[in-house]
Amino acid sequence: MSSYVTELTMTHLVGHTPVCRIAEPFAPHSQGFWAKLEGANPGGLKDRAALHIVEQARTRGELAPGARIVESTSGTFGLGLALAGITYGHPVTVVTDPGMESIIQTLLVSYGVRVEIVNQPHSCGGWQQARLDRVARLLADDPSAYCPDQYNNPDNVAAYASLADELLAQLGRVDVLVCSVGTGGHSAGVAGRLRLLCPAPRVVGVDSVGSTIFGQPDRPRLMRGLGSSIHPRNVAHDAFDEVHWVAPGEAVWASRTLAQTHYATGGWSVGAVTVVASWYARTRPPGTRIAAIFPDGPARYYTTVFDDAYCSQHDLLDRPPADEPDEIKNPGEAEVTRWTRMVMR
């Protein structure tokens, strides 16, 4: 009985997350969108990937019993690895940077994770490359350790087929999928599975201003969880029909407005995805079924998105998005600084 209860407690809490209808004031009541609330997982969206990657690595013999897991993370994947480490009996080390919220650092340490923080960004790849360089050194020091490599591991993509299946079971069909893009795992996994099971959903990627993923120049970014200073191989560029870049003030406005009007809210990625999904809801014909993935909830953002002092310091308050995005035809046309759309096909 005790082993059965442990199994239920650890792995069966992940997945089967609810959906929530989001409408006014973002879109007319009859033209809202459906938010997939991945914050209902114990640690967020990336619990799915962390458990799946570790399971597959153990099955293939790449991760030996009791061996250490070492990975770079800005937060959510680290929480997933903490869950996977406890479930399967692996110590976990995560490498992060000073931008990780203190509540996430505290949680990770509470879960038995060793947290290493890099102090300087890399001259070319920013904080992400600096973290990856530290991971490489830790792996060299411990040849038995395993790195999940969330940026490039195809198991990260495969982990999200179940999320697509859940969306179809809950909504019947998906006409438009809106998702943030960071490592590229969930956008590629959900889009790929949806396109196997329902007619040609339009896939819309949401990136951060200052991110290099879709060809913009690398700039310092406040937003975490979406965007990148490197080019993850898991980003399925061919899967996207269009991409939108969103600025941090616009994401803050959307996250705070969600909190005030729907209670269902989250941080940077949730706000950015809401900006784009609500525009689709306003501009597409009534009856268009729009699904947006909300990667996490609001708790970790009490010192950033939901903190007046932080937002005032970074001039993020009272900056709602425009009614329509700017538009560019290719990433070299202009450096984007606010909500901007680029159609791929």
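Here we summarise the structure given alongside this text. Computed from a predicted structure; not experimentally measured.

### Quick word on the overall build of the chain
1) Next: A tally of regular secondary structure across the chain gives eleven helices and eleven strands.
2) Next: Over its C-alpha atoms, taken along the principal directions, the chain stretches across nearly 55 × 45 × 35 Å.
3) Next: Expressed as a percentage of the 345 residues in the chain, the buried residues total 55%.
4) Next: In the chain, the share of contacts with a sequence separation of at least 24, taken over all contacts with a separation of at least 6, comes to 70%.
5) Next: Of the roughly 14100 Å² that the chain leaves accessible, carbon and sulfur atoms contribute 54%.
6) Next: If the 29 positive side-chain charges of the chain are averaged to one point and the 35 negative ones to another, these points end up 3 Å apart.

### Focus on a nonpolar patch on the surface
1) Next: A surface patch of nonpolar side chains, about 260 Å² in accessible area, is lined by Ile86, Leu107 and Tyr111.
2) Next: The residue leucine 107 is located in helix H4 (residues 102-110) in this model.

### Some points on the packing of aromatic side chains
1) Next: Throughout the structure, instances matching the rule amount to five aromatic pairs.
2) Next: Between the aromatic rings of tryptophan 279 and tyrosine 280, the centroid separation amounts to 5.3 Å while the plane-to-plane angle is 85 degrees, which identifies the pairing as edge-to-face.
3) Next: Tryptophan 279 gets classed as buried once you look at its relative accessible area, which sits at 6%.

### Notes on the side chain of glutamate 166
1) Next: For glutamate 166, the position within the fold is in helix H7 (residues 161-171).
2) Next: Overall, glutamate 166 belongs to the buried group, its relative accessible area being 10%.
3) Next: Here the side chain of glutamate 166 touches lysine 36 through a polar contact of 2.8 Å, side chain to side chain.

### Regarding helix H9 (residues 248-262)
1) Next: If you check H9, its first and last C-alpha atoms are 20 Å apart, about what 15 residues at 1.5 Å a residue would give, namely 21 Å.
2) Next: Judged by how many residues are buried, H9 sits mostly within the fold: eleven of 15 residues are covered.
3) Next: Here H9 has its buried residues at Pro248, Gly249, Glu250, Ala251, Val252, Ala254, Ser255, Arg256, Thr257, Leu258 and His262.
4) Next: Those residues of H9 that are buried lie in contact with strand E1 (19-22), strand E8 (242-246), helix H10 (268-283), strand E9 (290-294) and helix H11 (308-313).
5) Next: Looking one or two residues past H9, tyrosine 263 carries a phi angle of roughly 70 degrees, positive in sign.

### Digging into the pairing of strand E3 (residues 69-72)
1) Next: Here E3 shows a buried face lined by Ile69 and Glu71 and a second buried face lined by Val70 and Ser72.
2) Next: Across four bridges, E3 lies against strand E4 (residues 92-96) in parallel orientation. Its bridge partner lying in E4, serine 72 is registered against valine 95.
3) Next: Between the parallel elements E3 and E4, the chain passes through helix H3 (residues 76-88) in a crossover that is right-handed.

How each quantity is defined
- Residues numbered from 1 in each chain as written.
- Predicted model: local features only at pLDDT ≥ 70, side-chain atom pairs only at ≥ 80, totals over all residues.
- Heavy atoms only, no water.
- Helix = DSSP H or I, 4+ residues; strand = E, 2+ residues; numbered from the N terminus.
- Buried < 20%, exposed > 50% of the residue type's maximum accessible area, 1.4 Å probe, protein only.
- Contact = heavy atoms within 4.5 Å.
- Areas by Shrake-Rupley, 256 points an atom, 1.4 Å probe, with all protein chains shown as cover.
- Lys, Arg positive; Asp, Glu negative; His and termini not counted.
- Charge placed at Lys NZ, Arg CZ, Asp CG, Glu CD.
- Patch = residues over 30% accessible without salt bridge, like charges linked within 9 Å, V, L, I, M, F, W, Y side chains within 5 Å.
- Salt bridge = Lys/Arg side-chain N within 4 Å of Asp/Glu carboxyl O.
- Phe/Tyr/Trp six-rings, centres within 6.5 Å; stacked < 30°, edge-to-face > 60°.
- Polar contact = N/O pair within 3.5 Å; in protein donor to acceptor, adjacent residues only side chain to side chain.
- Expected span 1.5 Å × (residues − 1).
- Pairing = 2+ DSSP bridges.
- Right-handed = clockwise from strand over helix to strand, strands pointing away.

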